Structures are given as C-alpha cells and as structure tokens.
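In case you want the letters, here they are:
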Amino acid sequence: MKVRGYAAMKANAAIAPWEFERRDLGAHDVSLDIKYSGICHSDIHQVREEWGSALFPMVPGHEIAGIVSQIGSAVTKFKVGDRIGVGVFVDSCRKCPSCLKGLQQYCIEGMTGTYNQLERDGKTPAMGGYSNIMVINEDYAVSIPENLPLDGVAPLLCAGITLYSPIKHWKAGPGKKVAVMGLGGLGHMGVKFAAAMGAEVTVFSHSPNKESDAKAMGAHHFVSTKNPDFNKSLIKHFDLILNTVSAELNINDYLQMLNVDGTLVVIGLPGKPYAVEVGSLLPARRSLSGSMIGGIAEMQEMLNFCGEHNIVSDVEVIKADYINKAYDRTVASDVKYRFVIDATTI
Ligand code: NAP
Ligand code: ZN
Ligand code: ZN
C-alpha cells in the first residue's frame, strides 16, 4: 500500500516529505494509523551516519503510538480501534535463547530494527514511524493503557523502555542511590521511573537551567557538571549510574562515584569509544555494563506500570515540517523533554 512519510534521501540530508510502499496486510499483521511519533536522538545519529554507514532513503522513527485500522485474518491480540505502540524493532528470529526468554532486543541473529535495516526477507528496507500508516506483525506491538494520552506515550516505546529495563534489572528501589546522567528524552524517563520505584535519585546535567524540572520529575538532587570538581564529594556514593548522554565524556569521572559493587550502565551511544582507566574500576569492584531497549513483554509491563502510576513523557508536539529544526534543538540539548510529531501533519 502507498503511504506518506518524512524521509532522509541520503546521509545528512534534510528530512522531507516522501511517498513509499508498505507491505499489504499479512494474516498476522495489523495496520495502524499513526497518531504520534517521537524523535529519538538515535534517529539523528543514524540520519547523520554517526554510527557508520546507513540505508537510504530512511524514514526514521521508533517511538510510535497509533490506532489499529485493520487486522489480518489470523490476528488474535488486537482488534480495530485498539491503541497500540511500536518501538525499536519489528521482528526477530523468534527461536534463539534470547527470543525464547522474551529478550528479542538481544536476539542472537539480530533484531530487525524499525528502520535503517532490512526486514527478515533480507531485501525489503524497513521504514519507521515518521509516517501516517504502519503495518506490523501483532507479536511486535504492545497495548497502550486507556488512561494515558497518546502524545506522551509515544516516547515510552523507546526512551521509556530503555530506562525502565535497566532500572528493573539492577533493582533500583528503596535504599538504592541512583544517578541519571543527562536529562534528555531518555534521562527524564529514568528520573521518573527510578523515583516511582522508590530510589534516591540524582541527576547529572550540563544544563543548570534544568534543575527545577528534574526535581519536579522526582529527582532528589541535581548536580551541574559544569563545575570541574562536580564529583569530588560523591566518590563511592552510588549503587547505580545510568549514562544517557549522547556525547563523548570522561567516563572515569562517573565510575569513581560508584560505591562497592556498583554498576555504571552505558545507554547513550555517542559513536566513539570511552577511555576507561583500570583504576576507576578496581578500588570498589565496580562494573561497567550496557543495556539496550527492552523486550516485548517488558515493554507491555512498562506501559502497564505507566498506566498505574500515570507516567508519560514530557513532550513538545510539533508539525512534521519542523523535524529538521527539532533535530538541531535536540543536539543542542534544547528540548523539554521529547519532540513528538503530530502524524496528522505528515
Ligand atoms: P537527548 O534527548 O538528546 O538527551 C541527551 C542528553 O545528554 C541531553 O539532553 C543532555 O542532557 C546530555 N548531553 C548532550 N550533549 C552533551 C554534551 N556535549 N555534554 C554533556 N552532556 C550532553 O537524547 P536521547 O534521545 O535521550 O538519547 C540519548 C542517547 O541514548 C543517544 O546517544 C541515543 O542514541 C541513545 N539511545 C540508546 C538506546 C539504548 O537502547 N541503549 C535507546 C535509545 C537511545 P543535559 O542537558 O541534562 O546535560
Ligand atoms: Zn530510540
Ligand atoms: Zn532470536
């Protein structure tokens, strides 16, 4: 079927209107009318080839909230009119140990990304959520709780799950000191989740003007990293540090703040390696780890948690013709706290 979207035709090109084909509805597919599509910093990294060469034309977008408009003949999970979400992957092998455990994001064969990747047929380029219509296999979509607004929900499909998953895995909760590095799209969801789970939350930010917002989201402490001595009074302080920063930084300044057996989880993907000093790890048996989005069952658990706790992303809703400006503002850390495209303007 012919659909409308916004695409980059080549690396670094402006995002512009483009018509393209999506597959016809298969037996296990649903078609959704996209209502809102979030702008993740990963979209920008890929359009700008900051992670290496990419596939063009590229329709970015993997924070998708919409309403089911048609269902395939064998669909059992959804019906027409349901509010559903699609995140960072649209398929996986379904049979490897990771997929069988519900960790589709760590599929041994590799998950199928929502865009900038070929579908599992090895030839059809996947196209993302900056679009008016999407076709998705029912197993790779999730239900959105009725009480949550779709614009604030869209970013939960990447930014939300990407912080919820490590916060659950490393058991942030009462009695735990948790730090979030970077108060952007991902970071602000990390603050909301860690605070809702009862942890003591500190934000590290290079934008001092975000302090009152951080506290309103549930942070107990705010540290401006503009001061070169920002970590001095916090050595061996934290149990868990979640690094959502999209840019290069000195990771040792942060590792030193982990208490004994603490873990720093890398989530931001600046596209350049970190220089890790061995001396930052040994003196407290510290761990440096990584985490990538979350599986389908955990995405559903996260959305249900958001429904129960009334948690959504703080969004600035934009028209599609503002995407390029929104990219520049995101890179300048000038977004409160996620740009979301109103898909009716596509
Ligand atoms: P974002 O909204 O742009 O937030 C990034 C934040 O990092 C900014 O708001 C800023 O926070 C801080 N920052 C940016 N530039 C900085 C600089 N030069 N120095 C210090 N701090 C800086 O981006 P996002 O969408 O949250 O994504 C964050 C990163 O996570 C990206 O690299 C993205 O690709 C990656 N990501 C990873 C996963 C995963 O599964 N692991 C999933 C999605 C995205 P302050 O203003 O508070 O300092
Ligand atoms: Zn993302
Ligand atoms: Zn698999």
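Residues numbered from 1 in each chain as written. Chains lettered and ligands numbered in written order. Predicted model: local features only at pLDDT ≥ 70, side-chain atom pairs only at ≥ 80, totals over all residues. Heavy atoms only, no water.

Asks: So what exactly am I meant to see when it comes to helix α9 (residues 323–331) here?
Replies: Residues that lie three or four places apart on an α-helix share one face, since the helix turns once every 3.6 residues. Among the residues making up α9, those that are buried are Ile323, Ala326, Tyr327, Arg329 and Thr330. On its buried face, α9 is in contact with β1 (2–7), α1 (41–47), β16 (315–318) and β17 (338–342). One or two steps after α9, the chain reaches Ser333, where phi turns positive at roughly 60°. (Buried < 20%, exposed > 50% of the residue type's maximum accessible area, 1.4 Å probe, protein only. Helix = DSSP H or I, 4+ residues; strand = E, 2+ residues; numbered from the N terminus. Contact = heavy atoms within 4.5 Å.)

Asks: Explain the site of ligand 1 here, please?
Replies: For ligand 1, the set of nearby residues contains 29 residues, the closest of which are Ser205, His206, Ser207, Lys210 and Arg338. One of the side-chain nitrogen or oxygen atoms of Arg338 is found 2.6 Å away from an oxygen atom of ligand 1. If you list the elements that add at least two residues to the shell around ligand 1, you get α1 and α5 (185–196). When residues in the shell around ligand 1 are grouped by element, the largest group, three residues, is from α1. Its residues assigned to classes, the shell around ligand 1 comprises eleven nonpolar, 16 polar and two charged. (Near = heavy atom within 4 Å. Polar contact = N/O pair within 3.5 Å; in protein donor to acceptor, adjacent residues only side chain to side chain. Nonpolar A, V, L, I, M, F, W, Y, C, P; charged D, E, K, R; others polar.)

Asks: Explain the layout of surface pockets here, please?
Replies: A water-sized probe rolled over the atoms picks out the places where empty space is left. When its volume is computed, the second largest pocket comes out at roughly 300 Å³. Contributions of two or more residues to the lining of the second largest pocket are made by β2 (16–21), β6 (89–91) and β8 (133–137). Among the elements that make up the lining of the second largest pocket, the one with the highest residue count is β8 (four residues). Here the residues of the lining of the second largest pocket sort into nine nonpolar, three polar and six charged. (1 Å grid on protein atoms, 1.4 Å probe; cavity = no way out; pocket = protein on both sides within 12 Å on 5 of 7 lines; lining within 4 Å. Points joined across faces, edges and corners; volume = space filled by probe spheres on them.)

Asks: Help me understand the coordination of the zinc ion (ligand 3) in this model?
Replies: In an ideal tetrahedron of four donors about a metal, each angle is 109.5 degrees. In an ideal octahedron of six donors, the angles are 90 or 180 degrees. Bound to the zinc ion (ligand 3) are the protein donor atoms Cys93 (SG), Cys96 (SG), Cys99 (SG) and Cys107 (SG), situated 2.3 to 2.4 Å from the metal. Around the zinc ion (ligand 3) sit four donor atoms, and with donor-metal-donor angles ranging over 104 to 118° the site reads as tetrahedral. All donors of the zinc ion (ligand 3) come from a single chain, and their spacing in sequence reads C-x2-C-x2-C-x7-C. Like Cys99, Cys96 is buried. (Donors = N, O, S within 2.8 Å, 3.2 Å for Na, K, Ca; no water. Tetrahedral: all angles 85-135°; square planar, octahedral: opposite > 155°, others 65-115°.)

Asks: Whenever I open this one, the packing of helix α4 (residues 159–169) against helix α8 (residues 296–309) confuses me. Can you help?
Replies: The angle between the axes and the distance between the axes are what describe a pair of packed helices. Put simply, α4 and α8 touch, their axes get as near as 10 Å, and they point 95° apart. Here α8 runs roughly perpendicular to α4, going by the angle between their axes. On the side of α4, the interface is formed by Gly160, Ile161, Tyr164, Ser165 and Lys168, while α8 contributes Glu298, Met299, Glu301, Met302 and Phe305. Partitioning the contact of α4 with α8 into residue classes produces five nonpolar, two polar and three charged. (Axes fitted to C-alpha atoms, helices over the stretch in contact; angles between N-to-C directions. Parallel < 35°, antiparallel > 145°, perpendicular 65-115°, else oblique.)

Asks: Help me understand the coordination of the zinc ion (ligand 2) in this model?
Replies: For the zinc ion (ligand 2), every protein donor is listed as Cys40 (SG), His62 (NE2) and Cys158 (SG), and the spread of their distances is 2.0 to 2.2 Å. Read in sequence order, the donor residues for the zinc ion (ligand 2) give the motif C-x21-H-x95-C. A residue pair is termed long-range when its members are at least 10 positions apart, and Cys40 in the loop between β3 (29–38) and α1 and His62 in the loop between α1 and β4 (64–71) qualify at 22 residues. Taking relative accessible area as the criterion, His62 reaches 5% and is therefore assigned buried.

Any functional reading would require information beyond the geometric quantities listed.
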